[in-house]
There are 4 protein chains.
Amino acid sequence: MKKREVPASVKDERLVKKRRNEMIKGAIALFKQKGFHRTTTREIAKASGFSIGTLYEYIRQKEDVLYLVCDRIYDEVRERMEKDIGTHHATVESFKLAIAHYFKVVDDLQDEVLVMYQEAKSLSKESLPYVLNKEMQMVAIFEEILQTCVQNGVFQLTEQEIKLFAHNIVVLGQMWAFRRWSLHKMYTLDEFIELQTEFLLRGILQKRS
Amino acid sequence: MKKREVPASVKDERLVKKRRNEMIKGAIALFKQKGFHRTTTREIAKASGFSIGTLYEYIRQKEDVLYLVCDRIYDEVRERMEKDIGTHHATVESFKLAIAHYFKVVDDLQDEVLVMYQEAKSLSKESLPYVLNKEMQMVAIFEEILQTCVQNGVFQLTEQEIKLFAHNIVVLGQMWAFRRWSLHKMYTLDEFIELQTEFLLRGILQKRS
Amino acid sequence: MKKREVPASVKDERLVKKRRNEMIKGAIALFKQKGFHRTTTREIAKASGFSIGTLYEYIRQKEDVLYLVCDRIYDEVRERMEKDIGTHHATVESFKLAIAHYFKVVDDLQDEVLVMYQEAKSLSKESLPYVLNKEMQMVAIFEEILQTCVQNGVFQLTEQEIKLFAHNIVVLGQMWAFRRWSLHKMYTLDEFIELQTEFLLRGILQKRS
Amino acid sequence: MKKREVPASVKDERLVKKRRNEMIKGAIALFKQKGFHRTTTREIAKASGFSIGTLYEYIRQKEDVLYLVCDRIYDEVRERMEKDIGTHHATVESFKLAIAHYFKVVDDLQDEVLVMYQEAKSLSKESLPYVLNKEMQMVAIFEEILQTCVQNGVFQLTEQEIKLFAHNIVVLGQMWAFRRWSLHKMYTLDEFIELQTEFLLRGILQKRS
DNA sequence: AATGAATGAGTTTTCATTCAT
DNA sequence: CATGAATGAAAACTCATTCAT
C-alpha cells in the first residue's frame, strides 16, 4: 500500500518537506496537550512558525495534519525499531532484546503513541486504512521475528499463533503508554520490561518442551 | 471513591433515571458512529427523544453526557462479569471460564468498549479519575481471581506479577474490540478465546513446574 | 394617571397582594445584585418562595415584575416622605428639614433608588409612562413645598424656577445613590446633607435680598 | 490610570482603529434604541457593516463593545469640552461660558450620555473602574475651574465645597439628558442653561458677600 | 510563496413561557 | 391554586477555510 499523498499548493518539494516537518512537530506538541479536536488550525500554524494562510498552502484540510502526524509517528517508531532489530539472530536472547528495544521505543515516544491511539479514529474513512496499514507493519516486524525463530526451531508455533502473538507483543508494549496512569505507579520501565518479557516468553515458549 | 454526581435541574429522581437512560442509549449510538466531538448536543437530544432544552434539564454540559456514558458502560461490563464470575473455584478450569466469559462480554459490548477507549480522554480533569477508577475495578476482578488461585496453590505468582497479569488479561480482551479491524478477519471469537487463553495460561502457569 | 394593573390569573385579591409582596421583595434583592436582565424568572420565583409556575399565576411576563418593583419603590419613597413632610410650615427651617429628610430616605433606600435608575429604561413603552409619572409626583412634592414658601414670601421664585429647582432637589438627592462610588468616599451623609442644603438654599434664596 | 486595552486578533492597528470606529458608531445607534442587553452581537456586526466573525476579530466579548462605546463617549465629551474651555480666565463670565458650553455638549450628545448612564452598570468589575475614572476626569475639569476662580478671589469655597459643586455641575448638566422626558417639555435648551447657570452661580457665589 | 483579514455555518447553552398533572 | 417538566427560539461565540494583496 502506497503512502497517501497529501496535496500541497506549493511546488518546491524541498520546501514542502521542510514546512511539513515544522508542522508535524508543532502539531504533535499540541495534540499531546489537548487532542486533535481541541486544537485549532491557527494554533497549529502558530506552533509551526507560520501563518494560517501558509498552513493551507501545504494541506487541504485540518484532517491532513492528523494524517501527516500519524504517518510520521509510525515512521519514527519503525525507524528506531529497524536501527537495532535489523540484526536479529533467531535466538531467545535476541528475541528478548527485540522486545526490550521495542518497549523502550514505546517509552521514549509514549506521548506520540498515545496521540496515535486516541486520535487515529478521527481520521476520515479515506485516510484510516493507510494508518492501519502502518500498524500492521509494526505487527509484521514481530511476526517476522517469530517466524524466523520458528524456522530455526527456537519456538514451535502455528501460523495462527504467530500472528496473534505478534499482536500481543505490540499491544502489551503500547500498554505502557496508554495505561501509564496505572502502570508507571507500580513499575519502573525496567521492571515492566522484565516482567512482560518473562510473561511473553513463557506464553510463547511452553511448547518447546 | 464515590460516584461523581451529575446535577440535574429536574427533581423527580425516578424521572431523572429514566431520561438519563434514554440519553445514554441515544448518545452511545451516536458516539459509536461519529465520536464524542463530532456529535452535537442537538443530535443527542433528538436521539434521546426529547428537545435540546430538556436535555439540559438533565445535564449541565455536553461533557456530562460523556461521563454518564462511560460510567454506564463500566457498570454494564461489571454487571455482566459478576453475574458469572461470582462463583469462582480457584481451579485452572474456572480461571479459563472467567477469561472466556470476560472475552465474550467484550465481544458483546465491543462498540461500547471502543467508545470508552477512544473518548474517555475527552473527559475533564474532574471526571477522568472516576472513570479510571472504574477501569481499576475491572483489573481488580482479575487480581482477585489470580490471588485466590495463588492462595490455593494453583498458580505461583508474586504480588507484582498478579497485578501486571491482571492488566494483561484486561488488555488482551479489550484488544478484541480495539483491534477488530485486524483480528476479526483472522479469528472467530472462539478461536481468539482459545488462543489467548492458552497464551495467558502458559504465561501464568509456567512457574508451577 | 391610574395605576397600571398587572393582571393575575389568581382571583383571590388578598392572595395576589401577599404573593406579589413576596415577589417584589425577592426581586429587588436580585435586581440590586445583578440587574434586571441578568436575573432569571426562576431565580425570582425561588427568591420569592414559590415555583416558576406559581410566579406566572401572578404576572404575565418577566417585565411585569420590573414594573411592580419600580412601582413599589416609589410607593416606599413616597410613603416615607409623607410621614414627615405632611406637616410643612413654609419656613426656611422646615424647608431644610424636608430636604434633610428626603436625603435620608434616599440614603436608606439607596439600593432601591439605584435599581430604579438603572432598570426603569427596560420597561416597555406601555409601562414606562406610569413610572415616569411617579417620578413626577416626587418632583411635585418639592414643587408644592417651594410654592407654599413662595406664597408665604419666604422665597421669590417664578413658576419656571419652582419647577426646575424641584427637579434639582430631587436629582441632587438621588445623586447620593447613583454617584455613591465617588461621594461616599468624600462625605458622610450628614456632611453631604449640610453642604447640599447650603448650596440649594443659596441658589434658591438669593433673590430674597 | 491607563486605558484598558481591548485585545484584537487583527494586527494592523490602523485597521483595528477603523473597524472599531465603525463598530462603535453602529453600536451606539443600537444601544440608544434598545439598550445593551437587548442588542445582539449579530445586530452590532450588521450595523457595523461586517460579519459576526469579523466582529469577533476585533473584540473578545460582547461586553468589550460596551466598554469601547463608553470609552468613546467620554473621549468625545472631553474633546469637545477642551476645545473651548482650554482658555479659561477665572472670571464669573468665563465660568458662565464654561457651563453653557458643557450644557450644550450634553445636549448635542444627549443620546450618548443617556446610553452611558443606563448601560455603564453592565460593565464587568474589570472595566467599570476605567469608566468611572473617566467620569472623575469630567468632574475634575470643573474642579479645576472652580479652584482657579477661588485662587483668583472670584469665589470663596472650601476644598470640600469645590469637589461637591463640581459634581453638582456635572449632574445638573447630565440631567438635561436623563430627565429629558420632563425637562424638554418645559424649557428650551437656552432657558435651561440660563436658569441653571443662575441657580449654580448663586449657590456658589453667595459667600462672596 | 506568504500573509492574515474576512466569512458564516455551526456549536453550546440559556431562559421565558406554557401546560398537563 | 400550585407545581415543575418540557419546550425551542435565540443568544454568544468559535473556527475551518478562502482569497485578495
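Residues numbered from 1 in each chain as written. Chains lettered and ligands numbered in written order. Predicted model: local features only at pLDDT ≥ 70, side-chain atom pairs only at ≥ 80, totals over all residues. Heavy atoms only, no water.

**Here we look at the overall build of chain A**
Stated formally: What counts as a helix is a DSSP run of H or I of at least four residues, what counts as a strand is a run of E of at least two, and both are numbered from the N terminus. Any residue under 20% of the maximum accessible area for its type is buried, any over 50% is exposed, and the rest in between are partly exposed; the area is computed with a 1.4 Å probe on protein chains only. In this description, contact between two residues means that some pair of their heavy atoms is separated by no more than 4.5 Å. Values of accessible area rely on a 1.4 Å probe in the Shrake-Rupley scheme; residue burial ignores everything except the protein chains shown. In this tally Asp and Glu are treated as negative and Lys and Arg as positive; neither His nor the chain ends contributes. One atom stands in for each charge, and that atom is NZ of Lys, CZ of Arg, CG of Asp or CD of Glu.
Secondary structure summary: chain A contains 10 helices and zero strands in total. Scanning chain A from its N terminus toward the C terminus, one meets helices and strands in the order α-α-α-α-α-α-α-α-α-α. For chain A, the spread of C-alpha atoms along the three principal axes comes to 65 × 40 × 30 Å. Looking at chain A as a whole, 53% of its 209 residues are labelled buried. Long-range contacts, defined as pairs at least 24 residues apart, comprise 74% of the intrachain contacts of chain A with a sequence gap of at least 6. Entry remark: accessible area of chain A is about 9800 Å², with carbon and sulfur atoms responsible for 50%. Each charge sign in chain A was given a centre, from 33 positive and 30 negative side chains, and these centres are 5 Å apart.

**Comments concerning the UniProt feature "DNA-binding region" (unreviewed entry) in chain A**
Our working definition: UniProt positions are given in the numbering used here, feature names are shortened, and annotations may be inferred rather than shown by experiment.
Summarizing the sequence annotation, UniProt attributes the feature "DNA-binding region" (unreviewed entry) to residues 40–59 of chain A in the numbering used throughout. Along residues 40–59 of chain A one finds 75% helix and 0% strand; the C-alpha atoms at either end are 14 Å apart.

**Remarks on the interface of chain D and chain C**
Rules: Once two parts are joined, some of their accessible surface, as seen by a 1.4 Å probe, is lost; buried area is that loss totalled over both. Whenever a carboxyl oxygen of Asp or Glu lies within 4 Å of a side-chain nitrogen of Lys or Arg, that contact is scored as a salt bridge.
At the interface, 41 residues of chain D touch 41 residues of chain C. Regarding the contact of chain D and chain C, the summed buried area is about 3900 Å², with carbon and sulfur atoms giving 64% of it. Considering only the surface of chain D that becomes buried against chain C, R179, F199 and R202 of chain D emerge as the three largest contributors, covering 18% of it. Taken together, the links from chain D to chain C amount to six salt bridges. Its salt-bridge partner being E161 of chain D, residue R202 of chain C comes within 3.5 Å of it at the nearest N-O pair.

**A few points about the relation of the copies chain B and chain A**
In plain terms, the rule: The copies were overlaid by least squares, fitting only the C-alpha atoms of residues that reach a pLDDT of 70 or more in each copy.
With an RMSD of 0.2 Å, chain B superimposes on chain A once it is rotated by 179 degrees and translated 0.0 Å along the axis. Look at the turn and shift together and you get a two-fold axis relating the two. Across chain B, the rotation axis passes nearest the C-alpha of G203 of chain B, at a separation of 2.0 Å. In this assembly, 100% of the residues forming the interface of chain B have copies in chain A that are likewise at the interface, indicating an isologous arrangement.

**Thoughts on the packing of aromatic side chains**
To keep things clear, this is the line we draw: In this scheme Phe, Tyr and Trp rings, the latter by its six-membered ring, pair at centre separations within 6.5 Å, and the angle between planes marks the pair as stacked below 30 degrees, edge-to-face above 60, and tilted otherwise. Criterion for a charge above a ring: Arg CZ or Lys NZ at most 6 Å from the ring centre, at most 35 degrees from the ring normal.
For the coordinates displayed, the defined rule picks out 47 aromatic pairs over all chains. Pairing F50 of chain B with Y58 of chain B gives two aromatic rings, centres 6.4 Å apart and planes at 40 degrees, and the pair type is tilted. The class for F50 of chain B is buried, based on a relative accessible area of 12%. When its relative accessible area of 4% is taken as the criterion, Y58 of chain B is described as buried. A connected cluster of aromatic rings, assembled from ring pairs, spans Y102, F103, F142, W176 and F192 of chain A. A cation over a ring is seen here: R4 of chain A above Y67 of chain A, with NZ or CZ 4.8 Å from the ring centre. The ring of F36 of chain D carries K62 of chain D above its face, with NZ or CZ at 4.6 Å from the centroid.

**Section: the environment of A45 of chain B**
All names here are of chain B. Relative to the assigned elements, A45 resides in helix α2 (residues 41–48). A C-alpha to C-alpha distance of 5.7 Å links A45 and L55, two positions 10 residues apart in sequence. Setting aside residues up to four positions removed in sequence, A45 forms contacts with F50, S51, I52 and L55.

**Concerning the protein's contact with DNA strand F**
The line we're drawing: Being near a molecule or strand, for a residue, comes down to having at least one heavy atom within 4 Å of it. For this analysis, a polar contact is any N or O atom pair within 3.5 Å, provided that within protein one partner can donate a hydrogen and the other can accept it, and provided that sequence-adjacent residues contribute only side-chain to side-chain pairs. All residues other than Ala, Val, Leu, Ile, Met, Phe, Trp, Tyr, Cys, Pro, Asp, Glu, Lys and Arg, Gly among them, are scored as polar; the first ten of these are nonpolar and the last four charged.
Neighbouring DNA strand F are 41 residues, the closest being T41 of chain A, R19 and Y58 of chain B together with T54 and Y58 of chain C. Across the atoms of DNA strand F situated within 4 Å of the protein, the share located in sugar and phosphate is 66%. G53 of chain B places a main-chain nitrogen or oxygen 3.1 Å from a base nitrogen of DNA strand F. Elements with a minimum of two residues in the surface near DNA strand F: α2 (41–48) and α3 (52–58) of chain A, α1 (13–38) and α3 (52–58) of chain B, α1 (13–38) and α3 (52–58) of chain C together with α2 (41–48) and α3 (52–58) of chain D. A class-by-class count of the residues in the surface near DNA strand F yields 14 nonpolar, 15 polar and 12 charged.

**With respect to the protein's contact with DNA strand E**
Taken together, the neighbourhood of DNA strand E is formed by 41 residues, with K11 and T54 of chain A, Y56 of chain B together with R19 and Y58 of chain D sitting nearest. Of all DNA strand E atoms lying within 4 Å of any protein atom, the proportion belonging to sugar or phosphate reaches 64%. A distance of 3.1 Å separates a phosphate oxygen of DNA strand E from a polar backbone atom of D12 of chain A. Mapped by element, the contributors of at least two residues to the surface near DNA strand E are α1 (13–38) and α3 of chain A, α2 and α3 of chain B, α2 (41–48) and α3 of chain C together with α1 (13–38) and α3 of chain D.

**With respect to the interface of chain B and chain A**
Chain B puts 41 residues into the contact, and the matching count from chain A is 41 residues. Overall, the association of chain B and chain A removes approximately 4000 Å² of surface from exposure, summing both partners, and the carbon and sulfur fraction of that is 63%. For the chain B face of the interface with chain A, the top three residues by lost area are R179, F199 and R202 of chain B, together amounting to 18%. Counting across the interface, chain B meets chain A through six salt bridges. Here R179 of chain B and E135 of chain A are joined by a salt bridge, their closest N and O atoms 2.7 Å apart. Here chain B is connected to chain A by 23 residue pairs in polar contact (both at pLDDT 80 or more). Among the elements of the structure, α1, α6 (110–119), α7 (128–151), α8 (159–178), α9 (180–186) and α10 (189–205) of chain B are those that each provide at least two residues to the side of chain B that touches chain A. Among the elements that make up the side of chain B that touches chain A, the one with the highest residue count is α8 of chain B (13 residues). Among the residues forming the side of chain B that touches chain A, the class breakdown is 20 nonpolar, 11 polar and 10 charged.

**A word on the side chain of S182 of chain C**
Following the sequence through the fold, S182 of chain C ends up in helix α9 (residues 180–186). Residue S182 of chain C is classed as buried on the basis of its relative accessible area, which comes to 4%. A distance of 3.1 Å separates polar atoms of two side chains, one belonging to S182 of chain C and the other to H167 of chain D. S182 of chain C has contacts with M136 and H167 of chain D, leaving out every residue within four places of it along the chain.

**A few points about the UniProt feature "domain: HTH tetR-type" (unreviewed entry) in chain A**
When the UniProt feature table is mapped to this numbering, "domain: HTH tetR-type" (unreviewed entry) covers residues 17–77 of chain A. Across residues 17–77 of chain A one finds 87% helix and 0% strand; the C-alpha atoms that close the span lie 19 Å apart.

**Considerations on the relation of the copies chain D and chain C**
One copy of the chain maps onto the other through a rotation about an axis plus a displacement along that axis. For these two chains of identical sequence, chain D goes onto chain C by a turn of 179 degrees and a shift of 0.1 Å along the axis, with RMSD 0.2 Å. Of all interface residues in chain D, 100% are interface residues in chain C too; the two copies therefore contact each other through one and the same surface.

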